[in-house]
Amino acid sequence: MSEHPERIVDFVDTSLRDAHQSLFATRMRTEEMVPILEELDRVGYHALEMWGGATFDACLRFLNEDPWERLRIISDRVRETKLQMLLRGQNILGYRHYGDDVLELFIRTALKNGIHVIRIFDALNDVRNIEKSIEYTKQYGGHAQVAISYTTSPIHTPEYYHDLVARLMDRQVDSICIKDMAGLLTPAHAHQLVGHIKKTFSIPVEMHTHSTVGTASIAYLAAFEAGADLFDTACASLAGGTSQPPVEPLYYSFLEYPGVKLRLNSELFIPISDYFEKVRKSHAAEDSGGSQIDLRVLSAQVPGGMLSNLIHQLKNQKAMDKYHDVLAEIPRVRKDLGYPPLVTPTSQIVGVQAVFNVLQGRYRMITREVKAYCKGLYGRPPAPIDPQLQAMILGDEQPIDCRPADMIGDELPTLIKQAGHIASNDEDLLSLALFGEVARKFLLEKYFAKIGVDTVLLENSEEMTGVYPLG
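Everything in this summary refers to the structure shown in the same document. (Residues numbered from 1 in each chain as written. Predicted model: local features only at pLDDT ≥ 70, side-chain atom pairs only at ≥ 80, totals over all residues. Heavy atoms only, no water.)

### Side note on the packing of helix H8 (residues 158-169) against helix H9 (residues 187-200)
Consideration 1: Between H8 and H9, whose axes approach to 11 Å, the crossing angle comes to 35 degrees. Like other packed secondary-structure pairs, H8 and H9 cross with a definite hand, here right-handed. Residues Pro158, Tyr161, His162 and Val165 of H8 form the contact with H9, whose participating residues are Gln192, Leu193, His196 and Ile197.
Consideration 2: Across the contact of H8 with H9, the residue classes tally to 5 nonpolar, 3 polar and no charged. (Axes fitted to C-alpha atoms, helices over the stretch in contact; angles between N-to-C directions. Helix = DSSP H or I, 4+ residues; strand = E, 2+ residues; numbered from the N terminus. Left-handed = near helix turned anticlockwise from the far one by under 90°. Contact = heavy atoms within 4.5 Å. Nonpolar A, V, L, I, M, F, W, Y, C, P; charged D, E, K, R; others polar.)

Written out as C-alpha cells, the structure reads:
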C-alpha cells in the first residue's frame with residue numbers, strides 16, 4: 001500500500017471569461033475563441049469557465065454578438081470538457097432581482113444550450129437570494145456550485161464563513177467555491193477556511209481569486225495544502241494582475257507533492273498561451289496593462305474592475321483630483337451600509353455613492369440603488385445599516401424582511417407581451433428580460449435583417465413603436 005494515497009487535483013480555465021473580463025473589459029470576440037477551442041478541450045481541464053458574469057452584457061452592448069449563439073458555438077466544439085458559467089443568483093446576469101419564473105427559464109435554457117456547471121453567488125451572501133438558483137439547477141440536471149463572496153471586515157470572521165457554509169450545505173449544493181473577487185485572501189485565511197470545510201463536510205472545494213494584491217498563488221498553495229480540490233487559473237498570457245493566477249507554475253508546483261495526480265496535458269500550455277498573447281495584443285486599447293500589483297485594494301477593498309469604473313466616472317466629471325478622496329470614502333460608505341462584499345452589484349452601489357459623497361457632500365445626494373439597498377430589495381446586509389442613515393433615506397418607509405424576489409411575482413407574461421415579434425424564442429426573450437433597451441436594439445436589427453428591411457430607414461417610423469423597452 002502506498003504511503004501517500006492518491007489525490008486528484010483539478011483546474012478550471014478562465015481564459016474565455018474572467019481572464020479577459022478582468023484584463024481587457026470582456027472584449028474578446030467569439031471568433032477569437034474558436035481557433036483555440038480544440039486545444040483547450042484537449043488539455044484536461046475540469047471545466048472551461050466561458051459564460052456568465054459580464055460576457056452576456058458585453059456581447060449585446062459592445063460586440064454586436066448573441067451571447068446564446070456564443071454558448072452554442074463553443075458547446076458544439078468542446079466535447080470533452082465541461083462548460084461553466086457564473087450566475088448572480090436572483091440577479092441572474094443583470095443588475096436587479098428578477099422573478100422566479102424568469103430565473104427558472106434562464107437556468108433551464110442555459111443548461112439546454114450547453115452549460116454543465118453553474119456557479120451561483122450573491123453579493124451579500126444572502127442564502128435566500130440563491131436558494132431558487134440551486135433548486136432549478138439541480139432540477140434541470142446541472143451541477144450547482146455555490147460561491148462564497150469572500151471579503152474582510154469586523155463581521156466577516158471565520159465563524160461567519162463557517163456558519164455560511166453550514167447553511168449552504170443544508171441546500172444540498174454539489175460543490176463550494178471560495179470566490180475572492182478582490183484578491184484579498186491571504187495564505188493563512190485560505191488554509192484556515194479550506195481546512196475547516198474539508199474537515200467538516202464531504203464536498204469538493206474550488207478556489208477562485210485574482211492576482212491584484214500579489215498573494216494569489218501563495219494563497220492557492222496554502223489552500224492546496226489544506227485540501228482544496230479545484231483551482232481557477234488562466235494561461236500565462238492572460239494571467240496575473242487583476243486576472244487569475246497562471247496555471248503553469250501551479251501545475252509544476254503541485255506535481256512535487258507525493259501522491260498528487262494532475263490530469264493536464266502540459267505540452268499544450270505554450271501553444272495556448274502564445275495564441276492568447278496575440279489575441280490580447282489586438283485588444284491593447286482596452287487592456288488594463290494588468291500584471292502590476294495594486295496594494296490599494298487592501299485598504300479600499302476595491303476590485304480591479306471597480307477601480308477602472310471609478311477612474312472613468314471621475315474623468316467624465318473632470319474630478320480626477322478627487323480620486324484618493326473617493327478611495328478613502330469607499331470603506332466609510334461600505335461600513336455605513338453594513339459591510340457588503342464589493343462585487344456586482346454592491347461594488348457599483350457603494351462606489352457610485354462614494355463618488356457622490358465626495359463631489360456633493362456626504363449623503364446630500366442618495367442614489368436610487370442605495371435607497372433600494374436600504375429598503376432590503378437587494379437582500380439582508382451582513383451587518384445592520386447605520387440606523388441614522390437608514391432613517392434619513394427611508395423616512396417613514398419600513399425595510400422589507402422577506403426574500404426580495406417574493407416582492408416581484410411572475411414577470412414572463414408581461415415580458416412576452418412587450419417583446420412582440422422580435423423575440424422568436426426563449427433565448428431572445430431572456431435577453432430582453434435582462435438587458436431591456438440594449439437587447440431590444442440588438443434584436444431589432446436581427447429581426448429586420450431577417451425580413452430584409454434596413455433598420456436605418458425605420459429609426460423614426462411607426463413600426464418601431466410596437467416594441468417596448470424592458471427592464
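### So, empty space enclosed by the protein
Consideration 1: Per the counting criterion, the structure on display carries 2 cavities of 30 Å³ or more.
Consideration 2: Here the largest cavity is characterised by a volume of approximately 70 Å³.
Consideration 3: Arg88, Asn91, His97, Phe121, Asp122, Ala123, Leu124, Thr344, Pro345, Thr346 and Tyr378 are the residues that line the largest cavity.
Consideration 4: Here the residues of the lining of the largest cavity sort into 5 nonpolar, 4 polar and 2 charged.
Consideration 5: Volume-wise, the second largest cavity comes out at about 50 Å³.
Consideration 6: Forming the walls of the second largest cavity are Phe121, Asp122, Asn125, Asp126, Val127, Ile130, Val146, Ala147, Ile148, Leu164 and Leu168.
Consideration 7: Mapped by element, the contributors of at least two residues to the lining of the second largest cavity are strand S5 (143-149) and H8.
Consideration 8: Per-element accounting of the lining of the second largest cavity gives the leading share, 3 residues, to S5.
Consideration 9: Residue composition of the lining of the second largest cavity, grouped by class: 8 nonpolar, 1 polar and 2 charged. (1 Å grid on protein atoms, 1.4 Å probe; cavity = no way out; pocket = protein on both sides within 12 Å on 5 of 7 lines; lining within 4 Å. Points joined across faces, edges and corners; volume = space filled by probe spheres on them.)

### Quick look at unusual backbone geometry
Consideration 1: With omega at 5 degrees, the peptide bond leading from threonine 344 into proline 345 counts as cis.
Consideration 2: Locating proline 345 in the fold gives a position in the loop between helix H15 (323-336) and helix H16 (346-360).
Consideration 3: Phi at tyrosine 363 takes a positive value of approximately 60 degrees, unusual for a residue other than glycine.
Consideration 4: Tracing the backbone through its elements, the reader meets tyrosine 363 in the loop between H16 and helix H17 (368-375).

### Quick look at the nonpolar core
Across soluble globular proteins, nonpolar side chains have a tendency to be buried as a group.
Consideration 1: Counting residues in hydrophobic clusters, the biggest one holds 105 residues, and the most contacted among them are Trp51, Phe106, Ile115, Met207, Phe231 and Phe276.
Consideration 2: Per element, the largest residue contribution to this core is 10 residues, and it comes from helix H20 (residues 426-450).
Consideration 3: The residues touching phenylalanine 276, leaving out its near neighbours within four places in the chain, are Ser15, Leu16, Met28, Ile36, Leu40, Cys235, Ser237 and Leu238.
Consideration 4: Counting residues in each nonpolar core, the second largest holds 27 residues, with Leu342, Val355, Tyr363 and Cys374 among its members. (Core = buried A, V, L, I, M, F, W, Y, C linked by side-chain atoms within 4.5 Å. Buried < 20%, exposed > 50% of the residue type's maximum accessible area, 1.4 Å probe, protein only.)

### Some details on the pairing of strand S2 (residues 47-52)
Consideration 1: Most of S2 is tucked away: 6 of the 6 residues are buried.
Consideration 2: The sheet contact formed by S2 and strand S3 (residues 82-87) spans 5 bridges and is parallel. Across the sheet, residue leucine 48 finds its bridge partner in S3, namely leucine 83. (Pairing = 2+ DSSP bridges.)

### Things to note about the packing of helix H4 (residues 55-63) against helix H5 (residues 67-77)
Consideration 1: Where H4 contacts H5, the two axes come as close as 8 Å, and the packing angle between them is 120 degrees. Between H4, through Thr55, Phe56, Cys59, Leu60 and Leu63, and H5, the contact on the second element is made entirely by Pro67, Trp68 and Arg70.
Consideration 2: For the contact of H4 with H5, a count of residues per class yields 6 nonpolar, 1 polar and 1 charged.

### Some points on the side chain of threonine 26
Consideration 1: On the secondary structure map, threonine 26 appears in the loop between helix H1 (15-24) and helix H2 (30-33).
Consideration 2: The exposure class of threonine 26 is buried, given its relative accessible area of 5%.
Consideration 3: Residue contacts for threonine 26: discarding those within four places in its chain leaves His20, Gln21, Ala54, Thr55, Ala58 and Leu63.

### A closer look at the environment of methionine 33
Consideration 1: Tracing the backbone through its elements, the reader meets methionine 33 in helix H2.
Consideration 2: Its relative accessible area of 0% is what places methionine 33 among the buried residues.
Consideration 3: Sequence separation between methionine 33 and leucine 16 is 17 residues; the distance between their C-alpha atoms is 7.2 Å.
Consideration 4: Other than its neighbours up to four places away in sequence, methionine 33 contacts Leu16, His20, Met28, Arg70, Ile74 and Tyr275.

### Concerning helix H6 (residues 100-112)
Consideration 1: Along its 13 residues, H6 runs 18 Å from first to last C-alpha, staying within 8% of the 18 Å computed at 1.5 Å per residue.
Consideration 2: If you check which residues of H6 are buried, you get Asp100, Asp101, Val102, Leu103, Leu105, Phe106, Ile107, Thr109, Ala110 and Leu111.
Consideration 3: Positive backbone phi, at 130 degrees, marks glycine 114, one or two positions downstream of H6. (Expected span 1.5 Å × (residues − 1).)

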